Amino acid sequence: MLFKGELNRAPIKNPARVLDIGTGTGIWAIDYAEIPPNCRFEVDDFEQPWSYSKPFDYIHGRELEGCVRDIDNLYRQALENLKPGGWMEMASMEVNTYSDDDTHLRAKNLLEGIVYMHDCAREYGKDMTSVHSWKEKMEKAGFVNVREEIFKLPQSPWPKDPKMKDLGRYHQVNMFEALGPYCYALFTRVMGWERTEIEVFVAGMKQELRDLNNHLYTKVHIVYGQRPE
Ligand SMILES: C[S@@+](CC[C@H](N)C(=O)[O-])C[C@H]1O[C@@H](n2cnc3c(N)ncnc32)[C@H](O)[C@@H]1O
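Computed from a prediction, not measured in an experiment: that's the story for all the values here.

**Section: the overall build of the chain**
Here is step 1 of the chain: Helices and strands together make up the secondary structure of the chain, namely 6 helices and 5 strands.
Here is step 2 of the chain: In terms of overall size, the chain behaves like a compact globule, its C-alpha atoms giving a radius of gyration of 19 Å where 229 residues would be expected to give roughly 17 Å.
Here is step 3 of the chain: For the chain, the accessible surface area stands at approximately 12,500 Å², while carbon and sulfur atoms represent 51% of it.

**Some details on the sheet that holds strand 3 (residues 82-93)**
Here is step 1 of the chain: The mixed open sheet is built from 5 strands, whose spatial order is 1-2-3-5-4. Across the chains shown, the open sheet's two edge strands, defined by having one partner strand only, are strand 1 (18-21) and strand 4 (144-154). Between one strand axis and the next, the sheet turns through 15 degrees on average, direction left out of account.
Here is step 2 of the chain: Bridge count for strand 1 against strand 2 (residues 56-62) is 4 bridges, and the pairing is parallel. By the bridge assignment, Asp-20 is partnered in strand 2 with His-60.
Here is step 3 of the chain: Helix-sheet contacts for helix 2 (residues 71-80) involve strand 1, strand 2 and strand 3, and the interaxial angle to strand 3 is about 145 degrees.

**Describing the site of the ligand**
Here is step 1 of the chain: Lining the immediate environment of the ligand, one finds Gly-22, Thr-23, Gly-24, Ile-27, Asp-44, Asp-45, Phe-46, Glu-47, Arg-62, Glu-63, Leu-64 and Cys-67.
Here is step 2 of the chain: Measuring from a nitrogen atom of the ligand, one finds a side-chain N or O atom of Asp-45 at 2.8 Å.
Here is step 3 of the chain: Interatomic distance of 2.6 Å between a side-chain N/O atom of Arg-62 and an oxygen atom of the ligand.
Here is step 4 of the chain: Look at the ligand: alone it shows 600 Å² of surface, and the protein chains cover 67% of it.

**Quick notes on unusual backbone geometry**
Here is step 1 of the chain: Here the phi dihedral of Lys-4 falls at roughly 55 degrees; this positive angle occurs in a residue that is not glycine.
Here is step 2 of the chain: Summarising the element assignment, Lys-4 is placed in the segment before strand 1.
Here is step 3 of the chain: In this structure Lys-4 comes out as exposed when scored by relative accessible area, which is 71%.
Here is step 4 of the chain: The backbone of Glu-63 shows a phi angle near 55 degrees, a positive value even though the residue is not glycine.

Criteria and thresholds
- Residues numbered from 1 in each chain as written.
- Predicted model: local features only at pLDDT ≥ 70, side-chain atom pairs only at ≥ 80, totals over all residues.
- Heavy atoms only, no water.
- Helix = DSSP H or I, 4+ residues; strand = E, 2+ residues; numbered from the N terminus.
- Rg over C-alpha atoms; globule rule 2.2 N^0.38 Å.
- Areas by Shrake-Rupley, 256 points an atom, 1.4 Å probe, with all protein chains shown as cover.
- Pairing = 2+ DSSP bridges.
- Axes fitted to C-alpha atoms, helices over the stretch in contact; angles between N-to-C directions.
- Contact = heavy atoms within 4.5 Å.
- Near = heavy atom within 4 Å.
- Polar contact = N/O pair within 3.5 Å; in protein donor to acceptor, adjacent residues only side chain to side chain.
- Buried < 20%, exposed > 50% of the residue type's maximum accessible area, 1.4 Å probe, protein only.

Structure, rendered in C-alpha cells:
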C-alpha cells in the first residue's frame, strides 16, 4: 500500500535471480516471484558466510531492523554476491513513534517501551536504531547510486486522508500483534521482568495506540544501491 502496489523501489530491470534475506513467511518473495516455480526457500543464517554458486541481480531485505549484528559484513557479502550493476535494497520501519504536533509525547508507555526495546536490543548485540546508518554504510561498503527514501507510516487510523487512514488501520493491527512479541523476549531475558509486568505495560501501549487524538506515526526507510558495473 505504501508503495502503491510496487514491491521494490530500486530501479531494477527484469531481474532473473533475486535473493530475499530474512524472508520470514516468504510473503514478499512469493509476491515478487509471481508464480510458484520461480520461488524456492532455503533455511540459512544471512550473518554466516554465504556460499551461493551464482551471483544475483537483486538482493532484498525487508523489516530487518534489530536483526543484524554486523551490517558492514552483510553489505560486504551482498556486494560480493551481486552481478556488476545488480542492486541491493533494504526496507525497514523505525522502532519509534513520532507526531508533527507533539501528541506522541502523551504516549508515555509507548515512549518508555521504545527506550527499553532499544536498550535491550543493543545489550543483546542487535541494534534496533541502526536504520539511520544504513545509507552511509552502504556507500562505505562500495555500492554506488545509493539512495534513501523515507515514508511516514501512521500507527493508527487518525489521519483524515483516506489512504493514510487505511494505512494506519492496517499498521495499528500490526502494532497490536507485534508489541507483545517484541517486549516479552527482550524484557524478560535482558531486564528480568515478569510476564505480568509486561502484560500491564503492553496494555498501556495499546491504549495509547487506540487513542486517535495521538497522531502517531513511524518512518519507513528504503535504502538501495548498486554494485559498480
Ligand atoms: C520482522 S521479520 C521480516 C520478514 C520478512 N522480511 C517480511 O518483511 O515479511 C524478520 C525475519 O528475519 C529473520 N532473520 C533474522 N535474523 C536472521 C538471520 N541472521 N538469518 C536469516 N534470517 C534471519 C527472522 O527469522 C524473521 O523471519
